[in-house]
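Per-entry structural report
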Amino acid sequence: MATPVRDERPPFASLAGVELGALFQALPSPCYLLDEGALRQNGELMARLAQRTGCKLLLAQKAFSNYDLYPTLAPCLAGTEASGLYEARLGREEMPGKEVHVFCGAYREDEFDRLLNYADHIVFNSPRQLARFGPRAKAAGKSLGLRVNPECSTQEGHAIYDPCAPGSRLGTTRSQWDAQMTPELVGLLDGLHFHTLCEQDSDALETTLQAVEARFGDVLPRMSWLNFGGGHHITRPGYDLPRLEGCTRHAQERWGVEVYLEPGEAWALNAGYLRATVLDVLQNGETNIAILDASAACHMPDVLEMPYRPPLLGGGEPGEGPYTYRLGGPTCLAGDVIGDFSFSAPLEEGDSLLFGDMAIYTTCKNNTFNGMPLPAIWVRREDGGLEELVSFGYHDFKGRLGRR
């Protein structure tokens, strides 16, 4: 059975009416193409959610950190969420005037004072870290939170993304709270944070919120805010927005807290592409294979890590069309395979391919394994114009490995 694509919506809708031959001619290969109009559409949907409920929405930069497009999203955002010093600084510099929230599994002593220059909210992972750094952050006027683990798994098939799995390092369980949270530490807190979802609908949030209430409901009335974390697939067609709004209002009314959500994917879902070219076509037994200039391992790592089968313009399920190919990258990794796709005509050397949903967990997560060049990053503006944001070369590969 084929792995489902990441999203149900046709990921190429924003290219309706575009002459693809001209588009491919204008772009280098491989390259990422970000879609400003699709980003704005996602942002406006999220902004309407915030207006209806009064919740505050953050951009989790771990999923999308192409700051040239931050001005498109900024009017819809309360601020950014960061996983450490560099993302916090990026959010402060590139989205000025907005809130900067930070969560890290463990903070470093040699970075913490610099982090205080950028962060407004700092969330700790454990009572031990709260005890070590909390008083200093509180004295600096920061709002402090603790990530809690409601021990409620709602994931199916993605154990690597389940923070509630047994033995998880993420979040404080109720037993850890009871054993380590002294009245002095509780007094440092302004809010609680939980993050348990991954590309899920609001029914999973509702289940999780019930578990949070069962384990930490006695603590929440003393808090001023509650952060629902990320993983909410809000901009996916069919997502149950009324249920999310109900969860938000429940928390606001029951505990008197301000509610934050920090999705990453939802802001840039289906708002980017990866253009690639067929370098070679071969056959191994009954398997037809096409080698591309784009690599799953280097340029779309979530394809292997999630794993998932990315949408491909003109590519169907294996056997759906008359010609099925296994698409792979040019690296030496045997598993550098993007997936099996069928086509209406045989693939040939030089053919152009366009993968969808490539704005998230790509440009911020790619690498130069095997000396693979990083794809250039382009943007398609709302008026249809194309603009190169950045290109990369040999120095980007060499410069991260040594001093010469």
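The structure this text deals with has already been given above.
Note that the structure is a prediction, hence the values are computed from the model and not measured.

Turning our attention to the overall build of the protein chain. Secondary structure summary: the protein chain contains 14 helices and 16 strands in total. Relative to its length of 404 residues, the protein chain is compact, with a C-alpha radius of gyration of 22 Å against a globular reference of 22 Å. Sorting the 404 residues of the protein chain into buried and exposed places 54% on the buried side. In the protein chain, once contacts between residues fewer than 6 apart in sequence are set aside, the share between residues at least 24 apart is 68%.

Inspection of the secondary structure assignment puts Asp383 in the loop between strand S15 (376-380) and strand S16 (386-390). In sequence terms Asp383 and Gly37 are 346 residues apart; their C-alpha atoms lie 8.6 Å from each other.

Turning our eyes to something else, we now look at unusual backbone geometry. Pro30 follows Ser29 through a cis peptide bond whose omega is -5°. Looking at the secondary structure, you find Pro30 in the loop between helix H1 (20-26) and strand S1 (31-35). Here the amide bond leading from Met306 into Pro307 is cis, since omega sits at -15°, within 30 degrees of zero. Structurally, the position occupied by Pro307 is in the loop between helix H13 (302-305) and strand S12 (323-328). With a phi angle near 65°, Asn370 is a residue other than glycine that sits in the positive phi range. You can see Asn370 is positioned in the loop between strand S14 (352-356) and S15.

Below, the discussion takes up the pairing of strand S3 (residues 79-82). Note: strand S2 (residues 56-60) against S3, three bridges, orientation parallel. Its bridge partner lying in S3, Leu59 is registered against Thr80. Sheet topology note: the S3/strand S4 (residues 99-103) ladder contains four bridges and is parallel. The residue of S4 that forms the bridge with Gly79 is Glu99. One crossover worth recording links S3 to the parallel S4 by way of helix H4 (residues 85-94), and it is right-handed.

Right, let's talk about helix H10 (residues 241-255) for a bit. An ideal rise of 1.5 Å per residue puts 21 Å on 15 residues; H10 measures up with 21 Å between its terminal C-alpha atoms. Among all positions in H10, only Leu241, Leu244, Glu245, Cys247, Thr248, Ala251 and Trp255 are buried. The arc enclosing the buried residues of H10, seen along the axis, measures out at 155°, which places them on a common side. Exposed residues pointing more than 90 degrees away from the buried face of H10 are listed as Pro242, Glu253 and Arg254.

With that settled, the discussion passes to the environment of Thr207. Within the secondary structure, Thr207 is located in helix H9 (residues 202-216). Classification of Thr207 by relative accessible area gives partly exposed; the value is 36%. For the pair formed by Thr207 and Thr154, sequence separation is 53 residues and the distance between their alpha carbons is 8.0 Å. Discounting residues that sit within four places of it in the chain, Thr207 has contacts with Cys152 and Thr154.

Reading guide: rules and limits
Residues numbered from 1 in each chain as written. Predicted model: local features only at pLDDT ≥ 70, side-chain atom pairs only at ≥ 80, totals over all residues. Heavy atoms only, no water. Helix = DSSP H or I, 4+ residues; strand = E, 2+ residues; numbered from the N terminus. Rg over C-alpha atoms; globule rule 2.2 N^0.38 Å. Buried < 20%, exposed > 50% of the residue type's maximum accessible area, 1.4 Å probe, protein only. Contact = heavy atoms within 4.5 Å. Pairing = 2+ DSSP bridges. Right-handed = clockwise from strand over helix to strand, strands pointing away. Expected span 1.5 Å × (residues − 1). Arc of directions from axis to C-beta.

On their own, these measurements won't tell you what the molecule is for.
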